[in-house]
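Breakdown of the fold
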Amino acid sequence: MMVVAIIGMTMTMGIPSFLRVLRREGMRKAESELVEACQEARRAAIMNNKTTDLVIHPIDGTFGVGGAQTAFPNDITIDILGVNFIQLEKAEEARVHFFPNGTSDEFTILIHSTSDGSYRKISLDTVTALTVVEDVK
C-alpha cells in the first residue's frame with residue numbers, strides 16, 4: 001500500500017509539469033525548424049555560391065528552402081513578419097535572401113503560441129546571417 005501511495009503522489013506532482021512541457025512542444029518545434037531552415041539557406045548560399053531564398057507563406061503557415069516546405073504547428077501564429085523593414089505577415093509569400101558572402105536580408109518574425117501564450121522573436125544578423133532567438137514577454 002505504501003508503494004502505491006508513493007507512486008500516486010509522484011504522479012500527482014509530475015503530471016502538471018509534464019503537461020506544461022507538452023504545451024510548449026509546438027513553440028519549440030516551430031522555433032527549431034525555422035532556425036534550421038535559416039541555417040540551411042545560409043549554408044546552401046555559401047556552398048553553392050548562389051543566392052538562396054527562405055520562402056515563407058504566412059497565410060498558410062508554411063516555410064522552406066529549395067522547395068521543401070515545413071508547416072508551423074497548429075497552435076502557432078505569425079504576429080509580425082518583416083523582410084527588409086517591410087511588413088509581410090498578411091502577404092501570400094515572403095522571401096528572405098541569403099547571399100554567397102554569408103550575409104542576408106533583414107528578417108524578423110514574431111511567432112505566438114495560442115496554447116500557452118508564449119512569444120518568440122527570431123531575427124537575422126544581416127552581417128553574418130546567423131539567427132538570433134529572443135523570448136518575448
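Given the structure is predicted, the values throughout are model-derived calculations rather than measurements. (Residues numbered from 1 in each chain as written. Predicted model: local features only at pLDDT ≥ 70, side-chain atom pairs only at ≥ 80, totals over all residues. Heavy atoms only, no water.)

1. Section: the packing of aromatic side chains
- A complete count under the given rule lists one aromatic pair for this structure.
- A centroid spacing of 4.8 Å and a plane angle of 50 degrees characterise the contact between Phe-63 and Phe-72, whose relative ring orientation is tilted.
- For Phe-63, a relative accessible area of 1% gives the class buried. (Phe/Tyr/Trp six-rings, centres within 6.5 Å; stacked < 30°, edge-to-face > 60°. Buried < 20%, exposed > 50% of the residue type's maximum accessible area, 1.4 Å probe, protein only.)

2. Examining the sheet that holds strand β9 (residues 130-136)
- What the five strands build is an open sheet, ordered β5-β4-β7-β8-β9; its pairing is antiparallel. This sheet does not close on itself; its edge strands, each paired only once, are β5 (86-87) and β9.
- Bridging between strand β7 (residues 107-113) and strand β8 (residues 119-125) involves five bridges; their strand directions are antiparallel. Paired with Thr-108 across the two strands is Ser-123, which belongs to β8. (Pairing = 2+ DSSP bridges. Helix = DSSP H or I, 4+ residues; strand = E, 2+ residues; numbered from the N terminus.)

3. Observations regarding the pairing of strand β2 (residues 62-65)
- Along β2, one buried face is formed by Thr-62 and Gly-64 and the opposite face, lined by Phe-63 and Val-65, is buried too.
- In this structure, strand β1 (residues 52-57) lies alongside β2, joined through four bridges in antiparallel fashion. Along β2, the bridge assignment pairs His-57 with Thr-62.
- In this structure, the hairpin formed by β1 and β2 is closed by a connection of four residues, where Gly-61 is found at a positive phi of approximately 75 degrees.
- Relative to strand β3 (residues 68-71), β2 runs antiparallel, the two sharing four bridges. Counterpart to Gly-64 in the pairing with β3 is Gln-69.
- Remark: two residues form the turn of the hairpin made by β2 and β3, two consecutive strands paired antiparallel; Gly-66 in that turn has positive phi of roughly 65 degrees.

4. Quick word on the sheet that holds β1
- Ordered in space as β3-β2-β1-β6, the four strands form an open sheet in which the pairing is antiparallel. Of all strands in the sheet, those with a lone pairing partner are β3 and β6 (94-98), marking the two edges. The average undirected angle you get between the axes of adjacent strands in this sheet is 20 degrees. (Axes fitted to C-alpha atoms, helices over the stretch in contact; angles between N-to-C directions.)

5. Overview of the side chain of Ser-113
- With respect to the helices and strands, Ser-113 occurs in strand β7.
- The class for Ser-113 is buried, based on a relative accessible area of 0%.
- Among the polar contacts listed, one links the side chain of Ser-113 to the side chain of Asp-75, at a separation of 3.3 Å.
- A distance of 3.1 Å separates the side chain of Ser-113 from the side chain of Ser-115, its partner in a polar contact.
- For Ser-113, the residues in contact, after removing those within four places along its chain, are Met-27, Asp-75, Ile-76 and Ser-118. (Polar contact = N/O pair within 3.5 Å; in protein donor to acceptor, adjacent residues only side chain to side chain. Contact = heavy atoms within 4.5 Å.)

6. Re the pattern of salt bridges
- Using the criterion set out here, one finds seven salt bridges in the structure.
- In this structure, Asp-53 and Arg-95 form a salt bridge, with 3.0 Å as the shortest nitrogen-oxygen distance. Of this pair, Asp-53 sits in strand β1 while Arg-95 sits in strand β6, placing them 42 residues apart in sequence.
- One network of salt bridges, in which partners are shared, links Glu-31, Arg-120 and Asp-135. (Salt bridge = Lys/Arg side-chain N within 4 Å of Asp/Glu carboxyl O.)

7. Notes on unusual backbone geometry
- The phi dihedral of Asn-49 falls on the positive side, at around 50 degrees, and the residue is not glycine.
- Here Asn-49 shows up in the loop between α1 (2-48) and β1.
- A positive phi angle, near 60 degrees, is found at Ala-129, a position not held by glycine.
- Inspection of the secondary structure assignment puts Ala-129 in the loop between β8 and β9.

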